[in-house]
Amino acid sequence: MPSLGRSFLLFEGLAAAAAILVAAGLQMETPALSAVLSFAIVMTLLSVFDVWLPHGDSIDIAAPLAVGAMLVMGPVPAMGVAVASRLAAHVFRYRLERSDQLLHLLARRVISLATGALVWLELVETPLGTEWPLVSYVLAGAVAVLVDAVLLQAYAASRQRQSMGRLFMGSLRLQGLMWGAYVSVSALTAVLFPEMHVWGLLLMMGLLVVMRQSFAYLLDIRQAYRSTMEALAAALEAHDPRRQGHAERVADLARAIGMELGMHGRELERLGYAALLHDVDLIGSEPGDPATPPSRASEVLAGVGFLKDVVPVLAVCDGLGALAAPADRTLAYVVCRASNVDELITHERAAVRVYDHGHLEAILAVEERERVERAVWRLLTPGAREEA
């Protein structure tokens, strides 16, 4: 774990300790033992079924009930239940492994619950809180969920040495609707539990399980798309073993350049797909022959529906994108530049296509090319990122 990540984890732990002290000073009624046990059991069951994301973080589907518990029982009991349920689920699934992620998640829960509680207690005494309690629940839940999301992205940024803003925007595109659903579930829990007790919790648990499965299916579909493209790239490499690994290396380098340029979400995903498939038109060409085949990559994939927003990028790489959008031109330049860098590093000029200087100049204006070249330099030069 990078030292910056450990420093952030220490800071987060201190903030969590301060949040507990603040929450302990808030005047709240002591909750019934049955309520505490109900939340603890349901949240433990949900915590066992976290969804892991491709970059190593997880979706905490029990988080909405933790916020709901704060609204129903107060921050201190909710913190106790949240910590206990997460510890039990973590020990059940991972024993004592991933301890740093466990500490981060516990700190996130405590800080987000304390922040949400402060907002809720400020609102509950106002006309808005007395006449429209559901609105105060929604606002407090929104603050708690937002704080949790920001802490997650800050922790990821400290480990990966990436911009937190970039990571947050990427997560917002992928999980934004789920965050909104979390706020709704936390508010509904606060409304239903006093009337329905454990049955209300079971109802919310059912909703969260459905959300969890839907999101998992979405990730599976995205992975299936990528696997299909990797299979196409592998078919090219199988025809000429000297190309082996070229497509994946170019895709990894292109995505790294994209992140240096501030790309995120779907834009970064399109870049990776285009890089994987930029040489797909070479399938069937003679081994070692980099000459332009009869059909270009953009033409080969033109009829593939789920690649319709990748084809314009490949068209620019093929020299066919005279009217392409600026964003597509930038993505295409990154793909071509990454391919050339891989050829330079591996010295496989006879096996892969090389984009000449004139072709690259035709894609982007000088200012934009320089911006990409600076990103390439930062990635390939040891210590360049710290100097920049």
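Residues numbered from 1 in each chain as written. Predicted model: local features only at pLDDT ≥ 70, side-chain atom pairs only at ≥ 80, totals over all residues. Heavy atoms only, no water.

Attention now goes to the overall build of the chain. Broken down by element type, the chain carries 17 helices and two strands. Taken over 388 residues, the chain has a buried fraction of 48%. Put simply, of all contacts in the chain between residues at least 6 apart along the chain, 71% involve residues at least 24 apart. Accessible surface, the chain: about 18,300 Å² in total, of which carbon and sulfur atoms supply 65%. (Helix = DSSP H or I, 4+ residues; strand = E, 2+ residues; numbered from the N terminus. Buried < 20%, exposed > 50% of the residue type's maximum accessible area, 1.4 Å probe, protein only. Contact = heavy atoms within 4.5 Å. Areas by Shrake-Rupley, 256 points an atom, 1.4 Å probe, with all protein chains shown as cover.)

Between its first and last C-alpha, helix H10 (residues 246–260) extends 21 Å over 15 residues, near the 21 Å set by a 1.5 Å rise per residue. If you check which residues of H10 are buried, you get His 246, Ala 247, Val 250, Ala 251, Leu 253, Ala 254, Arg 255, Ile 257, Gly 258 and Glu 260. In the stretch just after H10, Gly 262 is the one whose phi turns positive, near 90 degrees. (Expected span 1.5 Å × (residues − 1).)

It is worth spelling out the state of the cysteines at this point. By definition, a disulfide links two cysteine residues through a covalent bond between their sulfur atoms. Scanning the model with the defined rule gives zero disulfides in all. The thiol sulfur of Cys 317 is not disulfide-bonded, and the nearest other cysteine sulfur, from Cys 336, lies at 3.6 Å. Judged by its relative accessible area of 0%, Cys 336 falls in the buried class. (Disulfide = S-S within 2.5 Å.)

This brings us to the packing of aromatic side chains. Inspection of every chain in the model, using the stated rule, returns four aromatic pairs. For the pair Phe 39 and Phe 193, a centre-to-centre distance of 4.9 Å together with 45 degrees between the ring planes defines the contact as tilted. Here Phe 193 lies in helix H8 (residues 164–196) and Phe 39 lies in helix H2 (residues 33–47), a separation of 154 residues in the sequence. The burial state of Phe 39 is the same as that of Phe 193; both residues are buried. (Phe/Tyr/Trp six-rings, centres within 6.5 Å; stacked < 30°, edge-to-face > 60°.)

A few words on a nonpolar patch on the surface. On the surface, Leu 188, Met 196, Val 198, Trp 199, Leu 202, Leu 203 and Leu 207 cluster together into a nonpolar patch covering about 620 Å² of accessible area. Listing elements by their share of the nonpolar patch, those giving two or more residues are H8 and helix H9 (198–239). Looking at which element gives the most residues to the nonpolar patch, the answer is H9, with five residues. Topologically, Met 196 is positioned in helix H8. (Patch = residues over 30% accessible without salt bridge, like charges linked within 9 Å, V, L, I, M, F, W, Y side chains within 5 Å. Salt bridge = Lys/Arg side-chain N within 4 Å of Asp/Glu carboxyl O.)

Below, the discussion takes up the pattern of salt bridges. Under the counting rule described, the total for this entry stands at ten salt bridges. The closest approach of N and O atoms between Glu 373 and Arg 337, which form a salt bridge, is 2.7 Å. In this pair, Glu 373 sits in helix H16 (residues 366–380) while Arg 337 sits in helix H14 (residues 326–346), placing the two residues 36 residues apart along the sequence. Using a relative accessible area of 25% as the deciding quantity, one classes Glu 373 as partly exposed. Linking Arg 371 and Glu 368 is a salt bridge whose minimum nitrogen-to-oxygen distance equals 3.3 Å. Residue Arg 371 and its partner Glu 368 are located together in helix H16, separated by three residues, close to a single helical turn. A relative accessible area of 31% places Glu 368 in the partly exposed class. If you follow the salt bridges from partner to partner, you end up with Asp 60, Arg 86 and Arg 109 in one network.

This part takes up the packing of H10 against H16. A pair of packed helices can be characterised by two numbers: the angle between their axes and the separation between those axes. Here H10 crosses H16 at 115 degrees, and the two axes come no closer than 9 Å. As summarised for this structure, H10 and H16 are arranged roughly perpendicular, according to the angle between their axes. Here H10 runs over H16; the crossing is right-handed. The residues of H16 that touch H10, namely those facing Leu 253, Ala 256, Ile 257 and Glu 260, are Val 372, Ala 375, Val 376, Arg 378 and Leu 379. (Axes fitted to C-alpha atoms, helices over the stretch in contact; angles between N-to-C directions. Parallel < 35°, antiparallel > 145°, perpendicular 65-115°, else oblique. Left-handed = near helix turned anticlockwise from the far one by under 90°.)

Bringing the nonpolar core into the picture now. Counting residues in each nonpolar core, the largest one holds 56 residues, and the members touching the most others are Phe 39, Met 43, Leu 46, Leu 65, Met 70, Leu 113 and Tyr 182. Of all elements in the fold, only helix H1 (3–24), H2, helix H3 (63–73), helix H4 (75–94), helix H5 (99–124), helix H7 (133–160), H8 and H9 reach the threshold of two or more residues within this core. Ranked by residues supplied to this core, first place goes to H8 with nine residues. Setting aside anything within four residues of it in sequence, one finds Met 43 in contact with Ala 62, Leu 65, Ala 66, Val 81, Ala 82, Ser 85 and Arg 109. Membership of the second largest hydrophobic core comes to 41 residues, among which are Ala 247, Val 280, Val 335 and Val 341. (Core = buried A, V, L, I, M, F, W, Y, C linked by side-chain atoms within 4.5 Å.)

Before going further, it helps to spend a moment on H3. With ten of its eleven residues buried, H3 lies for the most part within the structure. If you check which residues of H3 are buried, you get Ala 63, Pro 64, Leu 65, Ala 66, Val 67, Gly 68, Ala 69, Met 70, Leu 71 and Met 73. The positive-phi residue at the C-terminal boundary of H3 is Gly 74, with phi of around 105 degrees.

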